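Reading the structure
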Amino acid sequence: MHSAANAAPSATTAPAAPVTLRSYEDLPGPRAVALFGNALQIDMPQAHLQFEEWCREYGALFKVRMGSRKLLVVGEHELIAKILRDRPDGFGRSDRLQEMWHEMGLPGGVFSTNGEVWKRQRRMVLSSFDPAHVKNYFPALQGVAQRLCGRWQKAAAAGQAIDLQADLMRFTVDTIAGLAFGAEVNTLESDQDVIQQHLDKIFPALFSRIFAVIPVWRIRRSASDKQLEKSVREVMLAVDGFVAQARARMQADAGLHQHPTNLLEAMIAAADQPDSGIDDSQVAGNVLTMLLAGEDTTANTLAWMIHLLWLNPATLALATAEVRRVCVGSSVPTLEQLSQLDYVEACAHETMRLKPVAPQIPQQAHKDTVVGDVMVPAGTMVICLMRTDSVSDAHIAQADRFAPERWLGQGELAHSSSSAKRIAMPFGAGPRICPGRYLALLEMKMAMAILLLNFEIQNVSTPDGQPARELLKFTMTPVGLKMQLAARQL
Ligand code: HEM
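Bear in mind the structure is a predicted one, so any value in this text is a computation, not a measurement. (Residues numbered from 1 in each chain as written. Predicted model: local features only at pLDDT ≥ 70, side-chain atom pairs only at ≥ 80, totals over all residues. Heavy atoms only, no water.)

Core analysis: the biggest nonpolar cluster contains 133 residues, and Phe51, Trp152, Phe181, Leu264, Leu451 and Met483 have the highest contact counts within it. Here the element with the most residues in this core is helix α12 (residues 280-311); it accounts for 15 residues. Among the nonpolar cores identified, the runner-up in size contains 21 residues, and Leu72, Ile361, Val371 and Val382 belong to it. (Core = buried A, V, L, I, M, F, W, Y, C linked by side-chain atoms within 4.5 Å. Buried < 20%, exposed > 50% of the residue type's maximum accessible area, 1.4 Å probe, protein only. Helix = DSSP H or I, 4+ residues; strand = E, 2+ residues; numbered from the N terminus.)

Written out as structure tokens, the structure is:
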């Protein structure tokens, strides 16, 4: 043990009163074996569940070793909030993430960078996601929603089961391509080889390589490594295509340099300034980042929401009644109508509390610091477990119930709303909080309104008839959801 007096870290996360500090080695944790550490005890697609179980066993701060890499795992929401707020100086994305990102041939963007480069990119990205910009884009979102409705009408008429996540990813890819790149991507009306099949290979590979103990792909390229390379090539071709289309529009209309209409045009305008510090690779990196960060996060949250509503019929009935009352007379809602869907929005928040698609946020300490009562040397990887407190009865009343009311300050759970808002951080927190959260909520309300306005849900099923299993592929997805719809009779 060490005393606070002889440790002099930058104590942004230190408790106020002097306490005895522990070193990393003092921490409890699962028994590690030589060479592999704890890696053999972790089944990567379920890693979050293993970490959550260890958190219950060893407490809110414990150690895990992946090969020679030491991880500090943190499961207490106040410590997590402090870590996430102590950015960009105290913590940031890990060297390992950046190494794997580059090794896979991906150009860096706002998600993967740190320091000055991140600051410049973050400013640029934020401006294109402000509510005013999203409002301008709204008619295009209505168009994408109309296509989702058409796709589901066909499936309903044919009595076909819908592959829920695949359809929702079509919806989110088409939306982000329109909003961020000004591109007409229509995967909803296509059954061709679509870009999301390739996007879907990249994040899972990144995730497993970050935590791999032995970099087997460097020793021998397997069939899936070759498939991954192909997917990266295909996605980068699409990215370059979006950039070329935007450049052509900007050449045809010089005014777009002064008044860009989307994120991509804004980035190109910024990159074209002398001494901008932004080059073509950063532009491409952020196009790619938006596709990756905006696609399966929103689609999987929606899939979880539909699944949870199906498992809770009384809640589904309330959400349906709200949509049909607010959007009466429309088949695709207006922005004004979406802003009135308070109960549906509460369903989204409650879904993200129980099923956060980012159940763990890895960070790296940039300098020597203190987390709780633990001294953390610069360079340590810290895994923030985002769900432990938000599903614990010690923090949230009736924590395992799917009860959207708690977000509205209504009914018997009224007192629970402030704790749920404080504890669940599904979009992260602090300076790197998700910049797409406003858009994501809008997209989710739009998709739910389309579903509940135009259809009756007949069934939402899983392969084994049990509640959907959680699979961690960077984001946490439900396994194998199928939905059956009937057109609503008006
Ligand atoms: C339900 C949907 C979504 C969820 C749950 C979600 C969640 C997250 C989380 C947890 C982070 C990490 C935050 C942190 O480090 O504190 C993040 C970062 C990010 N998200 Fe989202 N996200 C969603 C949708 C979107 C959308 C639609 C976009 C854009 C199209 C987007 C773009 C980004 C970007 C660019 C970052 C990196 C920000 C930075 O590092 O500065 N996300 N998101």
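A word on the packing of α12 against helix α17 (residues 437-454). How two helices pack is summed up by the angle between their axes together with the distance between the axes. Running from amino to carboxyl end, α12 crosses α17 at an angle of 45 degrees, the nearest separation of the two axes being 10 Å. In terms of axis orientation, α12 runs oblique to α17. For the pair α12 and α17, the sense of crossing is right-handed. Contacts between α12 and α17 involve Thr298, Thr301, Leu302, Met305, Ile306 and Leu309 on the former and, on the latter, Ala440, Glu443, Met444, Ala447, Met448 and Leu451. Partitioning the contact of α12 with α17 into residue classes produces 9 nonpolar, 2 polar and 1 charged. (Axes fitted to C-alpha atoms, helices over the stretch in contact; angles between N-to-C directions. Parallel < 35°, antiparallel > 145°, perpendicular 65-115°, else oblique. Left-handed = near helix turned anticlockwise from the far one by under 90°. Contact = heavy atoms within 4.5 Å. Nonpolar A, V, L, I, M, F, W, Y, C, P; charged D, E, K, R; others polar.)

Attention now moves to the state of the cysteines. For the coordinates displayed, the defined rule picks out 0 disulfides. Summary of cysteine pairing: cysteine 149 is not part of a disulfide, and the nearest cysteine sulfur, belonging to cysteine 327, is at 12 Å. Classification of cysteine 149 as buried rests on a relative accessible area of 4%. (Disulfide = S-S within 2.5 Å.)

Right, let's talk about the pairing of strand β10 (residues 381-385) for a bit. Within β10, 5 of the 5 residues are buried, which leaves it mostly tucked inside the rest of the structure. Taking every second residue as pointing to the same face, both faces of β10 are buried, with Met381, Ile383 and Leu385 on one and Val382 and Cys384 on the other. Taken together, the 4 bridges between strand β4 (residues 69-74) and β10 define a ladder with parallel strand orientation. Residue pairing in the sheet places valine 74 in a bridge with cysteine 384 of β10. With 5 bridges connecting them, strand β7 (residues 360-365) and β10 associate as antiparallel partners. Bridge pairing in β10 links glutamine 360 to leucine 385. (Pairing = 2+ DSSP bridges.)

Another point: the side chain of glutamate 52. Tracing the backbone shows glutamate 52 in helix α1 (residues 47-58). The buried category is assigned to glutamate 52, whose relative accessible area is 7%. Engagement of the side chain of glutamate 52 in a polar contact is seen with the side chain of arginine 387, the distance being 3.0 Å. (Polar contact = N/O pair within 3.5 Å; in protein donor to acceptor, adjacent residues only side chain to side chain.)

The tally for this structure, following the rule as stated, stands at 21 salt bridges. With a closest N to O distance of 3.0 Å, glutamate 265 and arginine 249 form a salt bridge. In this pair, glutamate 265 is assigned in helix α11 (residues 263-271) and arginine 249 in helix α9 (residues 223-252), connecting sequence segments 16 residues apart. You can call glutamate 265 buried: its relative accessible area is 1%. (Salt bridge = Lys/Arg side-chain N within 4 Å of Asp/Glu carboxyl O.)

A few words now on the environment of proline 478. Relative to the helices and strands, proline 478 resides in strand β13 (residues 475-478). In this structure the C-alpha to C-alpha distance between proline 478 and asparagine 300, which are 178 residues apart in sequence, comes to 7.2 Å. Discounting residues that sit within four places of it in the chain, proline 478 has contacts with Gln165, Asn300, Ala303, Trp304, Ala468 and Arg469.

Turning next to the site of the ligand. The immediate surroundings of the ligand are formed by 28 residues, with Arg87, Arg93, Trp118, Arg122 and Cys434 found nearest. The contact in question runs from a nitrogen atom of the ligand to an N or O atom on the backbone of alanine 293, over 3.4 Å. Where the shell around the ligand is concerned, the elements lending two or more residues are α4 (115-128), α12 and α17. At 7 residues, α12 tops the list of elements feeding residues into the shell around the ligand. (Near = heavy atom within 4 Å.)

Direction of pairing for strand β6 (residues 162-163) relative to strand β14 (residues 482-487): antiparallel, over a ladder of 2 bridges. The residue bridging aspartate 163 from the neighbouring strand is lysine 482, located in β14. As paired elements, strand β11 (residues 455-461) and β14 share 6 bridges and run antiparallel to each other. Among the inter-strand pairings, asparagine 459 is bridged to a residue of β14, identified as glutamine 484.

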